[in-house]
There are 2 protein chains.
Amino acid sequence: VVADFPEPDPCEGEALVHVRVVGICDTDLQLARGYMGFRGVPGHEFVGVVADDGSDLAGRRVVADINAGCGACDDCRERDGHHCRSRTVLGIAGRPGALAERVAVPRTCLVEVPSGVPDDIAVFAEPLAAGLHVLDELPGGPSEPLVVLGDGKLGLVTTLALRAAGLDVHVVGHHPEKLALAARTGARTSLARDHDGPHEAAFVVDATGSPTGLTVALSRVRARGTIVLKTTVAGTHDVDLSGVVVDELRIVGSRCGDVARAMAELATGRIDPTPLVAARHPLREACAALEHAARRGVLKVLVDVAPQCAATGESALSE
Amino acid sequence: VVADFPEPDPCEGEALVHVRVVGICDTDLQLARGYMGFRGVPGHEFVGVVADDGSDLAGRRVVADINAGCGACDDCRERDGHHCRSRTVLGIAGRPGALAERVAVPRTCLVEVPSGVPDDIAVFAEPLAAGLHVLDELPGGPSEPLVVLGDGKLGLVTTLALRAAGLDVHVVGHHPEKLALAARTGARTSLARDHDGPHEAAFVVDATGSPTGLTVALSRVRARGTIVLKTTVAGTHDVDLSGVVVDELRIVGSRCGDVARAMAELATGRIDPTPLVAARHPLREACAALEHAARRGVLKVLVDVAPQCAATGESALSE
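Residues numbered from 1 in each chain as written. Chains lettered and ligands numbered in written order. Predicted model: local features only at pLDDT ≥ 70, side-chain atom pairs only at ≥ 80, totals over all residues. Heavy atoms only, no water.

A.B. asks: Which residues make up the pattern of salt bridges, and what are the values?
C.D. replies: Counting across every chain of the model gives 42 salt bridges over all chains. For Arg224(A), the salt bridge goes to Asp75(B), with nearest N and O atoms at 3.7 Å. Of this pair, Arg224(A) sits in strand E12 (residues 221–229) while Asp75(B) is found in helix H2 (residues 74–78), placing the two residues in two different chains. Judged by its relative accessible area of 7%, Asp75(B) falls in the buried class. Here the residues in one salt-bridge network are Asp75(A), Glu78(A), Arg79(A), Asp80(A), Arg224(B) and Glu248(B), joined through shared partners. (Salt bridge = Lys/Arg side-chain N within 4 Å of Asp/Glu carboxyl O. Helix = DSSP H or I, 4+ residues; strand = E, 2+ residues; numbered from the N terminus. Buried < 20%, exposed > 50% of the residue type's maximum accessible area, 1.4 Å probe, protein only.)

See the structure below:
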């Protein structure tokens, strides 16, 4: 349902942001199906322009870290607040999202977009941050090939991130045309049905988005290996974890990353996520955009909110 | 079934060991129920005396690392061979165990028992090694309390190991009398029904031996925390792993440890596992010993094979 919500009313510490482009993520689709009980405006991958509020960032293009912590707890003070127990998460938990003309965002979450980075690239900063975050779970930077399971949005963005870091990546998926996108990054690729490397990989990233992803990862990882779980699947699932103990495996969950780091990577021009864009819809067709994104095999669907910056009318902002 | 097996015939590189005492482990009970398809002589926790074979260890009391690798692969050359793909595991996989009068053991697996360590303490070297191995998964040595789930053999031996390392341990179990044993090590203890510390522990060790142990651990660990899995449970089980990603948890499997390190710890006299001994049976009652060990709530059952060293008759060996 597309609905008229009240104009966002930024609280102390928040900025009003005029949204330009929004990316649809599988989490948005899960939320639409009831995940986390979220109601309201979804959308957490976006590029926008800060309203003319007299602040340092007034009129600047921005993306955002979607996690907004309390600022006072240990996690907020010592780390990034991504696990603050009082956190809100833009368009996911406790805070309206960006699939709208305007959104209120905590100023501490905002990351400026360098002028050389187009909207369609900058809108990938949040998912790319999540992909780069996998590197934080690979101490020492593995010298061995890393297997990425999944050639969907999650798998491909993770592949972009890992390849940008110079890692030897082997992507295993079900779709030749998506594996071709992975191959363009220099990754090796295999169709899942051809990939019979049982218990050979030191590092496996489950980016399948499927409840069976972990079981496949368990069949691929070798003893004392690491599985990085990117797939969030709600509910209980049957899984045989005896190998985790016998083979002394390490399973590490990995969620959001550092959006500023991702933006810095995008600014180098080394990463081009735009081949992942499958379609774009205007905001008034937001429902169609979500339905389109939910179709099997569709990669990134973008929603144009104010691509020409009509919202602010500031010519300095058009690239 | 107690059966007459042929006299062990040590291969090149193996020693014939006259068994003195054997400890019954839950793995032995699982093997008896068909786990891993093992057939033959079980028993992997033992103390024995090396036969008078002219070797350096002839006539010496020994325990053993139960994993015997090929000696040639990467895991054997660079690590401890515990994950050698061609390994045999004493009394568990591909190699007859020690619940017998004599057993053949690869010499590289043997660890001498210092003269000051009685048999009934030395027989705990193998399970204690597994307990100490938990420390390898706690980089930097945690300054925070560590929750051990389970007050059975596995939980208590792990508690002995972690307390010997000076860690702040909180044992959660179901049996006041077993928790009392944990308390004697200086650990804090709670009955599971009274332990309502949801998502507060930075480190949780699942030593429950139960398929539900992981689910309990997931309810106790805090964001970015670590769960060390000691419980080996065959088969698939329903588990909700969504928290692993959302809370960026780390689940690490932990199996066998360094038996020489455990023996060194036992030699210091700081660790006394003997309160865990619930019963002892002679070898001819091995079946009764297994049945006894399988009774609910029974801790360590020992099997006396040649406690007075009658097997060798060498007076120098009697302590």
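Moving on from the model shown.
A.B. asks: Describe the side chain of Glu137(A), naming the residues involved and giving the relevant values.
C.D. replies: Its location among the elements puts Glu137(A) in the loop between helix H4 (125–132) and strand E8 (146–149). By relative accessible area, which is 12% here, Glu137(A) ends up buried. Here the side chain of Glu137(A) touches Arg250(B) through a polar contact of 2.9 Å, side chain to side chain. Residues contacting Glu137(A), with those up to four places away along its chain left out, are Val228(A), Val252(A), Gly253(A) and Arg250(B). (Polar contact = N/O pair within 3.5 Å; in protein donor to acceptor, adjacent residues only side chain to side chain. Contact = heavy atoms within 4.5 Å.)

A.B. asks: Could you give an account of the nonpolar core, with specific residues and numbers?
C.D. replies: Counting residues in hydrophobic clusters, the biggest one holds 46 residues, and the most contacted among them are Val63(B), Leu128(B), Leu146(B), Val148(B), Leu162(B), Val205(B) and Met263(B). Listed by contribution, the elements that provide at least two residues to this core are helix H3 (119–122), helix H4 (125–132), strand E8 (146–149), helix H5 (153–164), strand E9 (169–173), helix H6 (176–183), strand E11 (201–206) and helix H9 (259–267) of chain B. Counting residues per element, this core draws most heavily on H5(B), at six residues. With 45 residues, the next largest nonpolar core counts Ile121(A), Leu135(A), Leu146(A) and Leu162(A) among its residues. (Core = buried A, V, L, I, M, F, W, Y, C linked by side-chain atoms within 4.5 Å.)

A.B. asks: Please give an account of the interface of chain B and chain A that cites residues and values.
C.D. replies: For an interface, size is often stated in terms of accessible area lost upon the parts coming together. Of the residues lining the interface, 43 residues belong to chain B; the matching set on chain A comes to 43 residues. When chain B packs against chain A, close to 3,200 Å² is buried across both sides, 49% of that on carbon and sulfur atoms. Our count for the contact surface shared by chain B and chain A stands at six salt bridges. Inspection of the region where chain B meets chain A yields 18 residue pairs in polar contact (both at pLDDT 80 or more). (Buried area = accessible area lost by both parts, 1.4 Å probe.)

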